[in-house]
Amino acid sequence: MFKAILLGKKDDGATDAQLTELDEAQLPADGDVTIRVDYSTINFKDGLAITGRSPVVRKWPMVPGIDGAGEVIESSHAAWKPGDRVILNGWGVGEVHMGCLAQRAKLKGDWLVRLPDGMSARTAMAIGTAGYTAMLCALSLREQGVKPDAGGILVTGASGGVGSVAVAILSGWGYRVVASTGKLAEKEYLQALGASEVIDRAALSEAGKPLQKERWAGVVDSVGSHTLVNAIAQTRYGGTVTACGLAQGMDLPASVAPFILRGVKLIGVDSVMAPQARRVQAWEHLARDLDAAKLERITQEIALGDVIARAPEILAGKVRGRLVVDVN
Ligand code: NDP
């Protein structure tokens, strides 16, 4: 038996979340690698699943947890053997395949990434999908030719998981980072992560003109809606905007003007189904380039028993940085 968070449906359709004990026989039969999970985390999507706020979970009952890190204890997959240290991010885990907010998970070997040398399971989960997505955004900016001397990089939702890690990565790479936040009290925190300037997100949250003063060479946006539209409208000629999130909304009430008059590029970033080679590249960069002291500043550790109570906070935008979960 092992401890797990289990989600079920109540008669009225609401989600019921419990800390419970499961038997290994209850784990998915189509998994070919059993993991002893050491650490997991709560991402925005886990918050949606646990509270039932959005239809993230599509198979019931479900163990949530889109991220896990730990050790292989049993494997029939050619690439993995007991003792291997692995990371899991996404692939529908915690949505349609039982997830990692549990002491055991039975996953597909094709989904796993080897824990980079020298990285602990706790560090991997302090980074989690949020941090790995921040790296995917940062890599996209670089690949689009955005250089540190090209101008400022706007990071929206800066005090959140994706935002905090993006600020740390990009400032570490020598970019001038401007952090947009609704938590102005966290100015010092964001400066300590490397932000050169901290701005009030209210300046970006309402409908604005289709073309605004050119300010950003690049953008990492985890907020969507009007914030993303304004960020695009303020991007310099030829600049690049990476869009990965919807904390403000899924809508995009935009004009084509920045694209056809300024050649602005909008790059969508997905972590869930990203190909294996891209994941390995992102995790190698995270192991090499992310400052350990900054990551520790971003991280709060909680217990498996705290997860259900903390999940609504992430949806309310009340969590600073990342929540890492010690499941044991
Ligand atoms: P967090 O909740 O940690 O961070 C989101 C941040 O957005 C908040 O901390 C807050 O930052 C800001 N925010 C919240 N509500 C609003 C609002 N109404 N208007 C403007 N800003 C708001 O979540 P994550 O960082 O984990 O995820 C961020 C987004 O990215 C989510 O939508 C998530 O689903 C998405 N995501 C997508 C992935 C992908 O594969 N594409 C992978 C990972 C995440 P502040 O207070 O500083 O303004």
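About the cut-offs
Residues numbered from 1 in each chain as written. Predicted model: local features only at pLDDT ≥ 70, side-chain atom pairs only at ≥ 80, totals over all residues. Helix = DSSP H or I, 4+ residues; strand = E, 2+ residues; numbered from the N terminus. Rg over C-alpha atoms; globule rule 2.2 N^0.38 Å. Buried ≥ 20, exposed ≤ 12 C-beta atoms within 10 Å, placed from the backbone. Contact = placed C-beta atoms within 7 Å. Near = placed C-beta within 6 Å. Domains from an automatic or database assignment. UniProt positions renumbered as here; feature names shortened; annotations may be inferred. Arc of directions from axis to C-beta. Nonpolar A, V, L, I, M, F, W, Y, C, P; charged D, E, K, R; others polar. Axes fitted to C-alpha atoms, helices over the stretch in contact; angles between N-to-C directions. Parallel < 35°, antiparallel > 145°, perpendicular 65-115°, else oblique. Left-handed = near helix turned anticlockwise from the far one by under 90°. Pairing = 2+ DSSP bridges.

Going by the annotation in an unreviewed UniProt entry, the name recorded for the protein is Oxidoreductase, with Noviherbaspirillum galbum given as the source organism.

A. Layout of the overall build of the protein. Within the protein, the secondary structure is distributed over 9 helices and 15 strands. Taken against the 2.2 N^0.38 rule, which gives 20 Å for 328 residues, the C-alpha radius of gyration of the protein at 20 Å falls within 12% of a compact globule. Seen along its three principal axes, the alpha-carbon backbone of the protein occupies a region of about 60 × 45 × 35 Å. Every one of the 328 residues in the protein was classed for burial, and the buried ones make up 52%. By sequence separation, contacts in the protein at least 24 residues apart represent 70% of the contacts at least 6 residues apart.

B. The site of the ligand, seen in detail. What surrounds the ligand is a group of 33 residues, the closest being Gly-157, Ser-159, Gly-160, Thr-181 and Gly-245. Both domains that furnish three or more residues to the shell around the ligand are identified here as domain 1 (2-115 + 296-326) and domain 2 (129-268).

C. Just the UniProt feature "domain: Enoyl reductase (ER)" (unreviewed entry) in the protein, in detail. Cross-referencing UniProt, the feature "domain: Enoyl reductase (ER)" (unreviewed entry) maps to residues 13-325 in the present numbering. Annotated as 30% helix and 26% strand, the span residues 13-325 places its first and last C-alpha atoms 27 Å apart.

D. Molecular detail of helix 9 (residues 307-315). Within helix 9, burial applies to Val-307, Ala-311 and Ile-314. Angular distribution of buried residues about the axis of helix 9 spans 65°; they occupy a single face of the element. Where helix 9 is buried, its residues touch strand 1 (2-9), strand 3 (33-42), helix 1 (44-51), strand 14 (299-303) and strand 15 (322-326). At the C-terminal side of helix 9, Gly-317 shows a positive phi close to 70°.

E. Region of interest: the environment of Gly-52. Residue placement: Gly-52 occurs in the loop between helix 1 and strand 4 (67-75). Separated by 45 residues in sequence, Gly-52 and Leu-7 have C-alpha atoms that sit 9.1 Å apart. Apart from the residues lying within four places of it in its own chain, the contact partners of Gly-52 are Ala-14 and Thr-15.

F. Spatial organisation of the domain arrangement of the protein. Taken as a whole, the protein is organised into domain 1 (2-115 + 296-326) and domain 2 (129-268). Taking only C-alpha atoms, the centre of domain 1 and the centre of domain 2 are 29 Å apart. Counting residues at the interface gives 12 residues for domain 1, matched by 15 residues for domain 2. Considered class by class, the residues forming the side of domain 1 that touches domain 2 number 3 nonpolar, 5 polar and 4 charged.

G. Structural context of the packing of helix 2 (residues 121-143) against helix 3 (residues 161-172). At a closest axis distance of 8 Å, the pairing of helix 2 and helix 3 adopts a crossing angle of 50°. Taken together, the axis directions place helix 2 and helix 3 in an arrangement best described as oblique. Here the hand of the crossing between helix 2 and helix 3 comes out right-handed. Across the interface between the two elements, Ile-127, Gly-128, Ala-130, Gly-131, Thr-133, Ala-134, Met-135, Cys-137 and Ala-138 of helix 2 pack against Gly-161, Val-162, Val-165, Ala-166, Ile-169 and Leu-170 of helix 3. Taken together, the residues that form the contact of helix 2 with helix 3 break down as 11 nonpolar, 4 polar and no charged.

H. Molecular detail of the sheet that holds strand 10 (residues 195-200). Taking strand neighbours across the sheet as the criterion, the 6 strands line up as 10-9-8-11-12-13 in an open arrangement whose pairing is parallel. The open sheet is flanked by strand 10 and strand 13 (265-268), the only strands paired with a single partner. Each strand of the sheet is rotated relative to its neighbour by a mean of 20°, with strand direction disregarded. The sheet contact formed by strand 11 (residues 216-221) and strand 12 (residues 235-243) spans 5 bridges and is parallel. Residue pairing for strand 12: Val-220 is matched across the bridge by Thr-242.

I. Here's a closer look at the pairing of strand 5 (residues 85-89). Of all the 5 residues making up strand 5, 4 are buried; the element is thus mostly covered by neighbouring parts of the structure. Sheet topology note: the strand 4/strand 5 ladder contains 5 bridges and is antiparallel. Bridge assignment links Asp-67 to a residue of strand 5, and that residue is Asn-89. Pairing of strand 5 with strand 7 (residues 113-114) involves 2 bridges; the strand directions are antiparallel. Bridge pairing in strand 7 places Ile-87 opposite Val-113.

J. Inspection of unusual backbone geometry at higher detail. The linkage connecting Trp-60 with the following residue, Pro-61, adopts the cis geometry, with an omega of -10°. The topology assignment puts Pro-61 in the loop between helix 1 and strand 4. We note that Ser-225 has phi near 50°; this positive angle belongs to a residue other than glycine. The class of Ser-225 is buried, set by 20 C-beta atoms lying within 10 Å.

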